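Chain by chain, the residues:
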Amino acid sequence: MKVLIVGSGGREHALAWKVAQSKKVEKVYGAPGNPGIAQIGECVDIKPTEVEKLADFAEREGIDLTIVGPEAPLVAGITDEFEKRGLKVFGPSKAAAQLEGSKAFAKEMMKKYGVPTAGFEVFDDPEKAKEYIRKVGAPIVVKADGLAAGKGVVVAQTVDEAIEAVDRIMVEKVFGEAGNRVVVEECLKGEEASYLVITDGERFVPLATAQDHKAVFDGDRGPNTGGMGAYSPAPVLSGEMEKEVQEKVIKPILKGMAEEGMPFKGILYAGLMITEEGPKVLEFNVRFGDPEAQAILRRLEDDLVDVALSAVEGRLVEELHWKPETSICVVLASKGYPGKYEKGKVITGIEEAEKVPTVAVFHAGTAVKDGKLVTNGGRVLNVTALGKDIVEARERVYEAVKRIHFDGMHYRTDIGLKAVKRLKG
Ligand code: AMP
Ligand code: GLY
C-alpha cells in the first residue's frame, strides 16, 4: 500500500514513523513533509491546504490511504474532495470539521446536546462583546471564532485585558476573518487533559489518554503555544473520570453530529478542564493533537493503517492495544517562540540522543541547508521516550535532550511532573 501523510510537523513525522512500520505499507509520502519524514519516505512539495492538488497527486500516484494531520485542510474540505474522487482519506468532512473550525458552532452543538462546557455568549459586534465583558467582569476568556493556530484564545485576568483582546481580534483583525466573531466565556479552573477517540461516525474507540503542556515556560507560565510537551497515559483521566468523559462528552457529541446530518469520522479530540464539578470541554479538535500524537503513537501496538481504514470504511476496530509503558515527548523550541524567532540555526546531536534506550526524535520545524540540518520553525524537534513509569520516561527523555544542541534552544523541564506528583501522592 501507498500512504500519504498531509502536514509537516512532529505529529506528521510520528504518523509517518508509525505507518512505515506496517507490513502492508510499501511507501509513505509526506505533503509537504519534513526532513524527518524524508528519511523514511518521499516528500512532495504540495501545501496541506492545496486540496485539489493533493487529490490529483493521490489519484496519479495510486495512494491507498491519506491521513490528514492538521486542521486547516479538513476545515477546507479535503475529505469531501478525496471522497468525491473515490479516494480513501482519514479525517472528518468539511461540515463535521466545523467542530474545530468554528468555536461558536462547537459551543452551540455542546449546548444543544448537553455537553458540559463553560458558560458563553457569541458576539458579531465588538461593542456588544465589550459591554458584556464589563457586565460580568474578570477573569474571563475571549476566543476568536475561527482557526488561529492555537493563538486565538485569551484568558484575561482583568476586564481591560479582555477588552483589548476583543479589539485585537475583531477590530485589528490579527487573525483575519477568524475574528469576525468572538466567543466570550466563563473562566474554568482545574487540570487540563486531552481525550482523543477514533470514530467511524457511529461507534468510537478511545486512544490512550495524554496531557499536553500548553504554556511556554515551566510551571505553566508564559503565553500559550501549540504545545511544549506531552505524556501518556495521563492519570488525571484514569478510571471513573474516563468513563464520565465518554458518557457526558463523547457519546452525546457524536450522536448530535450524526443527528445533524454530519457524522464525525476520524479523530475527535476533546480538550478538557477537569473541574471540581467534573469534566468540561474547552474545545474540540478534529485531528490528532500535536504533541499528544507523538506520545500516544509511541504506545500504540496495533497497525495504524488497519485502524484508520476500519474507521474510513465504517467497520471500526473493537479495541486498541497499548504498550504498558509511559511515554513522554519534550518539544525543543527556537529562541523567541511562540513570538518571533530566527531560523537557520545548525542542529547537532540527534544521533547521540537516539542512543539513549527507547528514544526517538521526531522532526517538526527543521530544514536541510547546504547539507546541514537547521532550524526552520518555532517548534523544532520532539524528543520522545518510553519508561516503566513517568519517572523513568522523564530520565531518559531529558538525558536525550541534553545531547541535542542548536542556538537559542529552549524547552520545558517539567513535562510529566504533574503525573510524578500523583504517583508520589
Ligand atoms: P482552546 O484553544 O479553546 O483549547 O484554548 C486554549 C487554551 O486556553 C486552553 O488549553 C486553556 O489553557 C485555555 N482556556 C480556554 N478556554 C478556557 C476557559 N474557559 N477557562 C480557562 N482556560 C481556558
Ligand atoms: N496540542 C494541542 C493541539 O494539538 O491542539
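Please read these numbers as outputs of a predicted model, since none were measured by experiment. (Residues numbered from 1 in each chain as written. Chains lettered and ligands numbered in written order. Predicted model: local features only at pLDDT ≥ 70, side-chain atom pairs only at ≥ 80, totals over all residues. Heavy atoms only, no water.)

Asker: In this structure, what is going on with the overall build of the protein chain? I would like to understand it.
Answerer: Scanning the protein chain for helices and strands turns up 15 helices and 22 strands. Here the C-alpha radius of gyration of the protein chain, 21 Å, is about what a compact globule of 425 residues would show, namely 22 Å. Taking the principal axes of the C-alpha coordinates as reference, the protein chain spans close to 55 × 45 × 45 Å. A burial count over the protein chain gives 58% of its 425 residues as buried. Summing over all exposed atoms, the protein chain offers an accessible surface of approximately 17700 Å²; the carbon and sulfur share of this is 48%. (Helix = DSSP H or I, 4+ residues; strand = E, 2+ residues; numbered from the N terminus. Rg over C-alpha atoms; globule rule 2.2 N^0.38 Å. Buried < 20%, exposed > 50% of the residue type's maximum accessible area, 1.4 Å probe, protein only. Areas by Shrake-Rupley, 256 points an atom, 1.4 Å probe, with all protein chains shown as cover.)

Asker: I'm lost on the side chain of Thr384 in this one. Help?
Answerer: Locating Thr384 in the fold gives a position in strand E22 (residues 379-387). Thr384 gets classed as buried once you look at its relative accessible area, which sits at 0%. In terms of polar contacts, Thr384 uses its side chain to reach the side chain of Arg298, at 2.9 Å. A distance of 2.7 Å separates a polar atom in the side chain of Thr384 from the backbone oxygen of Ala360. Filtering out sequence-adjacent residues up to four positions away, Thr384 remains in contact with Gln294, Arg298, Ile328, Cys329, Thr358, Val359, Ala360, Phe362 and Val397. (Polar contact = N/O pair within 3.5 Å; in protein donor to acceptor, adjacent residues only side chain to side chain. Contact = heavy atoms within 4.5 Å.)

Asker: Would you mind showing me how to read the site of ligand 1 here?
Answerer: With respect to spatial proximity, 16 residues lie near ligand 1, and among them Glu185, Glu186, Leu188, Glu192 and Glu283 are the closest. The side chain of Glu192 places a nitrogen or oxygen atom 2.4 Å from an oxygen atom of ligand 1. The contact in question runs from an oxygen atom of ligand 1 to an N or O atom on the side chain of Glu283, over 2.9 Å. Isolated, ligand 1 exposes 470 Å² of accessible area, and the fraction of that covered by the protein chains is 93%. The set of elements that each furnish at least two residues to the shell around ligand 1 consists of strand E7 (140-144), strand E8 (153-156), strand E9 (182-186) and strand E17 (278-285). (Near = heavy atom within 4 Å.)

Asker: Looking at this structure, I do not really get the packing of aromatic side chains. What am I missing?
Answerer: The geometry of two aromatic rings is summed up by the distance between their centres and the angle between their planes. Taken as a whole and assessed by the stated rule, the structure comprises five aromatic pairs. Centroid distance Trp17 to Phe362: 5.5 Å. Interplanar angle 75°. Geometry classified as edge-to-face. Residue Trp17 is found in helix H1 (residues 10-20), and its partner Phe362 is found in strand E19 (residues 360-363); the two are separated by 345 residues along the sequence. We classify Trp17 as partly exposed; its relative accessible area is 24%. (Phe/Tyr/Trp six-rings, centres within 6.5 Å; stacked < 30°, edge-to-face > 60°.)

Asker: Teacher, can you tell me more about the sheet that holds strand E10 (residues 191-200) here?
Answerer: Each strand in a sheet pairs with its neighbour through backbone hydrogen bonds, running either in the same direction (parallel) or in the opposite one (antiparallel). Here four strands make up an open sheet; going across it, the order is E11-E10-E16-E17 and the pairing antiparallel. Edge strands, defined here as strands with exactly one partner in the open sheet, are strand E11 (204-206) and E17. For this sheet, the mean angle separating the axes of adjacent strands, direction not counted, is 35°. The pairing of E10 with E11 spans three bridges and is antiparallel. Bridge pairing links Val197 to Pro206 in E11. (Pairing = 2+ DSSP bridges. Axes fitted to C-alpha atoms, helices over the stretch in contact; angles between N-to-C directions.)

Asker: Just to check I follow, could you spell out helix H9 (residues 159-171) for this structure?
Answerer: Each α-helix turn comprises 3.6 residues. Residues three or four places apart therefore point the same way. Here H9 contains 13 residues, and its C-alpha end-to-end distance of 17 Å stays within 8% of the 18 Å for a straight helix at 1.5 Å per residue. Residues of H9 that are buried include every one of Ala162, Ile163, Ala165, Val166, Ile169 and Met170, and no others. Seen along its axis, H9 keeps its buried residues to an arc of 155°; they face one direction. Pointing more than 90 degrees away from the buried face of H9 are the exposed residues Asp160, Glu164 and Val171. (Expected span 1.5 Å × (residues − 1). Arc of directions from axis to C-beta.)

Note that all results are geometric; they support no functional claim without further evidence.
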